[in-house]
Amino acid sequence: MKKVLVTGADGFIGSHLTRLLLGEGYVVRALSQYNSFNDWGWLEGIVHPGLEVVCGDVRDPDFCRHICRDVDTAFHLAALIAIPYSYVAPDSYVDTNIKGTLNMCQAARDMGLRQLLVTSTSEVYGTALEVPITEKHPRQPQSPYSATKIGADAIAMSFYNAFELPVTIVRPFNTYGPCQSARAIIPTIITQIASGVREIKVGDLTPTRDFNYVEDTARGFLAIARAEIDKVAGQEINIATGREVTMEHTLHTIARLMGADVDWVVDPQRLRPSKSEVRRLLGSAEKLRALTGWEPRFTLEQGLQKTIEWFTDPNNLKRYKSNIYNQ
């Protein structure tokens with residue numbers, strides 16, 4: 001690979017992937033969603049001769065073809081991902097997640113890209129019917145968000161089957177780490193404690209999750225991109241640790257690592273509708289291991305410690321409104 005494209009590069013995982021790619025010597029065209037403030041999100045502050053930041057929107061098919069010019073491989077991460085907001089504005093999720101993925105598939109085909117990696121989510125599986133969850137697990141659209149990601153995955157796979165587009169579905173389980181939105185469980189706990197709150201507002205603490213530290217997730221993307229194309233094209237590949245913890249255990253671990261004595265209170269606005277809550281996620285990364293040799297490098301405690309260190313830096317903490325629940 002020479003020049004690569006990362007859509008959603010201004011976001012949480014996208015910015016970490018961009019940093020990893022630059023560190024590995026790639027020339028990166030990084031897409032930041034257009035806004036009148038010329039704000040590049042989490043790309044701000046990255047100064048590197050191999051970085052080209054472009055602003056635009058994957059909902060525009062002509063723009064997608066434009067950013068795919070002279071690109072070897074594209075990592076498509078641009079999406080609306082907040083589950084609570086998908087209850088409020090589902091139409092926008094269809095436009096961005098499904099139509100945006102269609103536009104990227106068409107652009108990759110038209111511009112002759114060597115490879116397209118489309119980002120999925122463990123939410124497409126819904127509550128585990130069997131564990132560990134492999135790529136063959138049934139899809140269960142338990143939220144408008146997960147429904148649009150199931151649709152986006154199907155669009156991408158249709159381009160592989162119908163047009164032989166070398167596309168791979170990359171499916172991370174619950175990623176956490178520096179720069180994550182405070183709507184997620186780990187940042188919302190850390191930012192509240194760091195702001196001096198001792199009664200932590202949370203949602204349901206009984207579901208389990210398979211937490212990936214963001215650097216491990218980014219390494220998974222890169223490992224797949226570096227694998228032999230004929231082995232990964234047309235494949236759906238999980239990135240998971242194979243370990244599950246409850247939300248409650250996660251809260252207690254964070255409090256212990258931060259040396260905080262806290263209580264918690266359930267905030268009704270943080271609860272999902274009962275049929276929409278994914279009760280259990282525990283993933284299998286056996287396919288990823290077999291294809292690339294990838295292994296997670298961070299335990300949950302190691303990842304949480306690095307995450308806490310980042311969020312408790314005053315320069316980072318001030319970017320979050322810990323007293324407001326961000327859907």
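Each value, and the rule that gives it
Residues numbered from 1 in each chain as written. Predicted model: local features only at pLDDT ≥ 70, side-chain atom pairs only at ≥ 80, totals over all residues. Heavy atoms only, no water. Helix = DSSP H or I, 4+ residues; strand = E, 2+ residues; numbered from the N terminus. Rg over C-alpha atoms; globule rule 2.2 N^0.38 Å. Buried < 20%, exposed > 50% of the residue type's maximum accessible area, 1.4 Å probe, protein only. Contact = heavy atoms within 4.5 Å. Areas by Shrake-Rupley, 256 points an atom, 1.4 Å probe, with all protein chains shown as cover. Lys, Arg positive; Asp, Glu negative; His and termini not counted. Charge placed at Lys NZ, Arg CZ, Asp CG, Glu CD. Salt bridge = Lys/Arg side-chain N within 4 Å of Asp/Glu carboxyl O. 1 Å grid on protein atoms, 1.4 Å probe; cavity = no way out; pocket = protein on both sides within 12 Å on 5 of 7 lines; lining within 4 Å. Points joined across faces, edges and corners; volume = space filled by probe spheres on them. Nonpolar A, V, L, I, M, F, W, Y, C, P; charged D, E, K, R; others polar. Pairing = 2+ DSSP bridges. Axes fitted to C-alpha atoms, helices over the stretch in contact; angles between N-to-C directions. Left-handed = near helix turned anticlockwise from the far one by under 90°.

Now for the overall build of the protein chain. The helix and strand tally for the protein chain stands at twelve helices and 13 strands. The globule rule puts the C-alpha radius of gyration for 327 residues at 20 Å, and the 19 Å found for the protein chain is close to it. Dimensions of the protein chain, computed from C-alpha atoms along their principal axes, come out at roughly 55 × 45 × 40 Å. By the burial criterion, 56% of the 327 residues in the protein chain qualify as buried. Of the contacts formed within the protein chain by residues at least 6 apart in sequence, a portion of 80% connects residues at least 24 apart. Counting only carbon and sulfur atoms, one obtains 50% of the accessible surface of the protein chain, whose full area is about 14100 Å². In the protein chain, 35 positive and 37 negative side-chain charges are present, and the distance between their average locations comes to 1 Å.

Our next topic: the pattern of salt bridges. Going through the model one piece at a time under the given rule, you end up with 21 salt bridges. Between Glu236 and Arg139 there is a salt bridge, with its nearest N and O atoms 2.4 Å apart. Of the two residues, Glu236 sits in strand E11 (residues 236-239) while Arg139 sits in the loop between strand E5 (115-119) and helix H5 (144-163), which places them 97 residues apart along the sequence. Judged by its relative accessible area of 28%, Arg139 is partly exposed. Put simply, Arg289 and Glu286 hold a salt bridge, and the shortest N to O gap is 3.1 Å. Placement of both Arg289 and Glu286 in helix H10 (residues 286-292) is noted, with a separation of three residues, approximately one turn of the helix. Using a relative accessible area of 22% as the deciding quantity, one classes Arg289 as partly exposed. Each of Glu123, Arg209, Arg272 and Glu277 takes part in one network of salt bridges that share partners.

As a further point, take the layout of surface pockets. Over the atoms, a rolling probe the size of a water molecule traces out where space has been left empty. Quantified by volume, the second largest pocket comes out at close to 200 Å³. Ser15, His16, Arg19, Leu20, Trp42, Cys179, Glu215, Ala218, Arg219, Arg297 and Phe298 together form the lining of the second largest pocket. Looking at the lining of the second largest pocket element by element, the count peaks at four residues for helix H1 (residues 12-23). Classifying every residue of the lining of the second largest pocket gives five nonpolar, two polar and four charged.

Moving on, we come to the sheet that holds strand E3 (residues 51-56). Taken together, seven strands build an open sheet; the order of strands is E3-E2-E1-E4-E5-E6-E11 and the sheet is parallel. Both edges of this open sheet fall to E3 and E11, since each of them pairs with a single strand only. Between one strand and the next, the sheet's axes are offset by a mean angle of 20°, whatever the strand orientation. Bridging between strand E6 (residues 167-172) and E11 involves four bridges; their strand directions are parallel. Across the sheet, residue Arg171 finds its bridge partner in E11, namely Asn238.

Attention now goes to the packing of helix H6 (residues 185-194) against helix H9 (residues 247-257). Put simply, H6 and H9 touch, their axes get as near as 10 Å, and they point 35° apart. The interaxial crossing formed by H6 with H9 has right-handed handedness. In contact with Ile185, Ile186, Ile189, Ile190 and Ile193 of H6, H9 contributes Met247, Thr250, Leu251, Ile254 and Ala255. Its residues placed into classes, the contact of H6 with H9 shows nine nonpolar, one polar and no charged.

Without other data, these values stay purely geometric and don't point to any function.
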